[in-house]
Amino acid sequence: MYRIKKTLLFLIIIFFCCNNNKTVPQQVLGKKENLKYKYGAVSSADELATEIGMKILMDGGNAIDAAVGVGFALAVVYPQAGNLGGGGFFVIHLSDGRDVAIDFREMAPLNAHKNMYLDEYGNVIEDLSTIGCLASAVPGSVAGLLYALEKYGTMSRAEVMKYAIDLAENGFRIKPELANSLNNNLKDFKKFESTKKIFGRKFKGGEILVQKDLAYTLKKIRDEGKDGFYKGEIADKIVQEMKRGGGIISYEDLENYIVKERQVIKGTYRGYEIITMPPPSSGGICLIYLLNILENFNLSDNDLFSAENIHLMVEAMRRVFADRSEHLGDVDFYPVPVDVLISKDFARKMFSDFDKNKATPSSDISPVKINNEGENTTHYSVVDSYGNIVAVTTTINDIYGNKVIVDGAGFFLNNEMDDFSIKAGVPNIYGLLGNVANEIQPKKRPLSSMTPTIIFRDKKPFLVLGSPGGSKIITTVLNTIVRIIDFGLSLEEAIDLPRFHHQWFPDEIQIERELLDGKTQKRLLEMGHTFRQVHNFGRVDAIMFLNDGVLKAHSDMRGYGKAIVY
Ligand code: GLY
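If you're wondering where the values come from, they're calculated on a predicted model, not measured in any experiment.

J.: Talk me through empty space enclosed by the protein; I want residue IDs and the actual numbers.
T.: Rolled over the atoms, a probe sized like a water molecule indicates the empty space that remains. Counted as a void, the second largest cavity has a volume near 80 Å³. Looking at the lining of the second largest cavity residue by residue, the classes come out as seven nonpolar, four polar and no charged.

What follows is the structure, given as structure tokens:
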């Protein structure tokens, strides 16, 4: 009876409080420094996952507990990108002031080698790094979520995982968007017996999806912790799947997977302080590098979508992506010149050839010599009422990863090996180029673009955000920040308005929808730019701290997620 009442109360709260397009509900507490929310905020790519995050906050959990619960829930209800078989990053600001970056990126197996995706003539073998078992790196998600929970959470595994287990075991009503997405990938699913068993048919929105094998795996993790996944029965199932499918992940690889805690990347932009993800993500460094360039210009002198601003931002993007290709990789294997790349002087110097009237062909830009030594991904943001803030981006790389379900374990494996530079000069699925810094080595982590980010104003939290989108993650986060800080747009406008992207090669501005009017197009063409309209990209899930203790949260209208503040 109590449970029914509690569920009813929760549903009523959700009904009245959670329209993420309206001003957030304001529940004055009086205590907790006049916060006008009781529990906090959660924004994720799926409604059920967001509601689970909020339930965990209401159960007394902190933001880390809630984020871990959301992570496991997304593995059930958002198989496109939510995962047990992938990896990701946490950026956390703790209530005691500490900032933490948790790296649970996948690692290359011990038997991986530089030329593993090339034929005898040195040519890339089509699909080998993207579909099937050889495309998988050693998954980090389970280890990462449990590490965060044990070190920074307050609840038990059973408490944060019970909602996800219930959804896997008893099923959930799938959204039409998920049904469409599964149906669109049916051809690939049918290539693998294990995947065919679960997803080898057409789905309809509204039907109940039960995932017993996945529930079993989740229960093993709940009961045995990390060992329930990386050793014993589930490890057996992964290794057997590898044997059937020509993959190379071994027991030793699984047993030796390690989570790394790293120093956050710090930067400033017009007085705002930013913490974001260090390598093996390129996201944090590229974001700070871009903002350092833009800080030297008054963007708000021109309209947000003026040719002047688009030109300026695109010129910054092409230079930053050129340097990304050369200098960024896993810092445990390659001396990434982090301090140089995020310094304000370097940004100024690198942009000194900027011509405000003329596009620089990407072929004229080479990565600078420094004397130093992907929807497929998903982001979620959580804030609690204790002062903890969590930004998590996690991925299996391509949509449904390598398309292989581990037989009997019910989860998709990643195809993160494609995020390495599999051959210098050959673009990956996001068109990104790479070199030695990001070449394959055993135990190395492939370079990512994931950019979980937290921004502070006057030392107080201001914005938590991140996005999926492969290479476009970085520019999606950049677009959002600039719109809020330079143009004072609301969170919804900043996220929902069309975006643009440039990544050095291909040398084109990729634009969403009707971003450019005829006059702006003409001016950009005159400057020497080319552009291509692309399908919408990025799915920002963000939380913003307004004045007077009010929280605002928004889930990108491009997706079907949900943001709740309560
Ligand atoms: N797999 C996409 C990324 O990590 O950037």
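Having put the structure on the table, let's press on.
J.: Would you mind going over the site of the ligand in detail, with residue names and values included?
T.: Taken together, 10 residues lie near the ligand, and N397, E416, D419, S448 and S449 sit nearest. S448 places a side-chain nitrogen or oxygen 2.7 Å from an oxygen atom of the ligand. When grouped by side-chain class, the residues that make up the shell around the ligand number two nonpolar, five polar and three charged.

J.: Which residues make up the pattern of salt bridges, and what values do they have?
T.: Once the charged atoms of two side chains with opposite charge are near each other, the side chains can pair. Tallying each qualifying case throughout the model produces 39 salt bridges. Across the salt bridge formed by E261 and K151, the nearest N and O atoms sit 3.2 Å from each other. Of this pair, E261 sits in strand β6 (residues 260–262) while K151 sits in helix α4 (residues 141–152), and the two are 110 residues apart along the sequence. Residue class for E261 comes out partly exposed when judged on its relative accessible area of 34%. The network of salt bridges with shared partners includes D103, K260, R262, D332 and R445.

J.: Give me the packing of aromatic side chains: which residues, what numbers.
T.: Taken as a whole and assessed by the stated rule, the structure comprises 18 aromatic pairs. With a centroid separation of 5.6 Å and 35° between ring planes, the pair formed by F189 and F412 is classed as tilted. An identical accessibility class is assigned to F189 and F412; each is buried. Following the ring pairs from residue to residue traces out a cluster consisting of F189, F199, F203, Y400 and F412. Across from the ring centre of F203, 4.0 Å away, lies the NZ or CZ of R201, which sits over that ring.

J.: Give me unusual backbone geometry: which residues, what numbers.
T.: Of note, the bond from P279 into P280 is cis; its omega dihedral lies within 30 degrees of zero at 15°. With respect to the helices, strands and loops of the structure, P280 is situated in the loop between β8 (272–276) and α13 (283–294). The omega torsion across F505 and P506 is 0°, close enough to zero to call that bond cis. By secondary structure assignment, the location of P506 is in the loop between β13 (500–501) and β14 (509–512). A positive phi angle is found at N397, which is not glycine, with a value near 75°. Counting through the fold element by element, N397 comes out in the loop between β10 (389–395) and β11 (453–457). Positive phi outside glycine occurs at K403, with the angle close to 75°.

J.: Requested: an account of helix α2 (residues 47–58), with residues and values cited.
T.: The end-to-end C-alpha distance of α2 is 16 Å, a good match for the 16 Å that 12 residues give at a rise of 1.5 Å each. For α2, every residue scored as buried is listed here: A49, T50, E51, I52, G53, M54, I56 and L57. Here α2 starts with a cap whose side-chain oxygen sits 2.8 Å from the backbone nitrogen of L48, and that cap is D46. Positioned one or two residues after α2, G60 has a phi angle of 105°, which is positive.

J.: Before we move on, can you summarise the confidence of the model for the chain with the specific residues and values?
T.: Across the chain, pLDDT averages 93, with 93% of residues at or above 70. For the stretch residues 6–31, pLDDT sits under 50, and the model shows 45 contacts to residues farther than four places along the chain or on other chains.

Basis of the calculations
- Residues numbered from 1 in each chain as written.
- Predicted model: local features only at pLDDT ≥ 70, side-chain atom pairs only at ≥ 80, totals over all residues.
- Heavy atoms only, no water.
- 1 Å grid on protein atoms, 1.4 Å probe; cavity = no way out; pocket = protein on both sides within 12 Å on 5 of 7 lines; lining within 4 Å.
- Points joined across faces, edges and corners; volume = space filled by probe spheres on them.
- Nonpolar A, V, L, I, M, F, W, Y, C, P; charged D, E, K, R; others polar.
- Near = heavy atom within 4 Å.
- Polar contact = N/O pair within 3.5 Å; in protein donor to acceptor, adjacent residues only side chain to side chain.
- Salt bridge = Lys/Arg side-chain N within 4 Å of Asp/Glu carboxyl O.
- Helix = DSSP H or I, 4+ residues; strand = E, 2+ residues; numbered from the N terminus.
- Buried < 20%, exposed > 50% of the residue type's maximum accessible area, 1.4 Å probe, protein only.
- Phe/Tyr/Trp six-rings, centres within 6.5 Å; stacked < 30°, edge-to-face > 60°.
- Lys NZ or Arg CZ within 6 Å of the ring centre and 35° of its normal.
- Expected span 1.5 Å × (residues − 1).
- pLDDT = per-residue confidence, 0-100.
- Contact = heavy atoms within 4.5 Å.

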